Amino acid sequence: MSLKNLNKISKLILDSQNILIVSHYDPDGDAIGSSMGLYYSLKKIGKNCYIYNRDKFPEYLNFLEAEKLINTKSDIPNNIELVLFLDLNDFERAGEEIEKYIDGYQGHIAVIDHHQSPKIESQFMLIDVNASATAILIYKIIVALGIEIDNKIATCLMTGIITDTSSFKNSNVNTDSFLIASKLLNDNADLKLINSNIYNDRSIYRLNLEKRIFSTILFDDNSRVAICYCTLNDYKETKTSKEDSEGIANFLLNHKEVEVGIFIREIEKNSWKASLRSNGFVDLSKIANTFGGGGHKNASGLKYQGSIEKLRNDLIDKILNEK
Ligand SMILES: [Mn+2]
């Protein structure tokens, strides 16, 4: 991370009075935690600060106080001097409304992010691909601004670190992740609140849905590929929605024999959406491509119309042939 860029952005923040914070759609704990942490910090030094996200907070992040969020462009005040993009490096990731907003916008733009290959050009960029969360960079900015971190700010930033590192389990964890987490703990980040909201907020409805989903698991002969699915009727009868089946494909991968985990959900009668996850042995983007889908080597998706039995068998055949 460049200290020069850190100082440039800090000065820009100090010189601006009306500031808009924008993070990516389908926001996660880092997008929301970074946005709220910065928001509370800038409020402390008397800034007029606003947070935009295309989407509402996911329910499990409501403990970071959702009511401060702007979801429509028309609610953005017209005197914004600085837009801070957090946890994204491409306007597309903020949604169409913001892309349009930026077209007519005359003020400054800064980007604070930890993803690769930025697509935004600005003289104010704080990009560190080694940072395990954008919240780490936000912490450094708040410190550079000389703002005292209270327990509310600490809890927001800690949420970003914990969610983006999967509780310090991902390969993006480094000494900085622990160092800054320990400082945030010292600033009274509420670990109990974070963990109970992020990990223990599952409903019994969800458990009932999972019971049905896992009863459909189909393995290949060596249990290297695991596929399960869920119908519209399953959601209806268990009073759940697609959010309750998030993370299923990744969960399958948690088992050491499984190299490819696939979760398929019905989106309309006989129309399916599959999420494919791999631990690296199979290039899933190739598999998804043959169905007209796409994605990355380790994570891809596809849509399919027809019988679920045929889809499952075709997927297993193609994956075994690819290996
Ligand atoms: Mn992030």
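Because the structure is predicted, anything quoted here is derived from the model rather than measured.

Reading the values: rules and limits
Residues numbered from 1 in each chain as written. Predicted model: local features only at pLDDT ≥ 70, side-chain atom pairs only at ≥ 80, totals over all residues. Helix = DSSP H or I, 4+ residues; strand = E, 2+ residues; numbered from the N terminus. Rg over C-alpha atoms; globule rule 2.2 N^0.38 Å. Buried ≥ 20, exposed ≤ 12 C-beta atoms within 10 Å, placed from the backbone. Contact = placed C-beta atoms within 7 Å. Domains from an automatic or database assignment. Pairing = 2+ DSSP bridges. Axes fitted to C-alpha atoms, helices over the stretch in contact; angles between N-to-C directions.

Draft legend 1. Structural context of the overall build of the chain. Secondary structure summary: the chain contains 12 helices and 12 strands in total. Here the C-alpha atoms of the chain give a radius of gyration of 21 Å, agreeing with the 20 Å that 2.2 N^0.38 yields for 323 residues. Expressed as a percentage of its 323 residues, the buried residues of the chain come to 38%. When contacts within the chain are restricted to residue pairs at least 6 apart in sequence, those whose partners lie at least 24 apart make up 66%.

Draft legend 2. Region of interest: the domain arrangement of the chain. You can read the domains of the chain as domain 1 (3-199) and domain 2 (205-322). Taken over C-alpha atoms, the centre of domain 1 sits 32 Å from the centre of domain 2.

Draft legend 3. Region of interest: the sheet that holds strand β8 (residues 225-230). With mixed pairing, the six strands of this open sheet are ordered in space as β7-β8-β9-β10-β12-β11. A strand with exactly one partner marks an edge of an open sheet, and here the two such strands are β7 (218-219) and β11 (294-295). Together, β7, β8, β9 (260-268), β10 (271-278) and β12 (299-305) form the strand contacts of helix α12 (residues 308-322), whose direction differs from that of β8 by roughly 160°.

Draft legend 4. Quick look at the pairing of β9. Summarising the sheet, β8 and β9 pair through six bridges and their orientation is parallel. Considered in β9, the bridge of I227 is made with I262. Taken together, the eight bridges between β9 and β10 define a ladder with antiparallel strand orientation. Bridge pairing links F263 to S275 in β10. In sequence, β9 turns back onto β10 through a hairpin of two residues, with N270 there showing a positive phi of about 65°.

Draft legend 5. A look at unusual backbone geometry. Unlike most non-glycine residues, S167 shows phi in positive territory, near 55°. Mapped onto the fold, S167 is located in the loop between α5 (151-164) and α6 (175-186). Judged by C-beta crowding, with 13 C-beta atoms within 10 Å, S167 ranks as partly exposed. The phi torsion at F168 lies on the positive side, around 65°, for a residue other than glycine. You can see F168 is positioned in the loop between α5 and α6. A tally of 13 C-beta atoms within 10 Å means that F168 is categorised as partly exposed.

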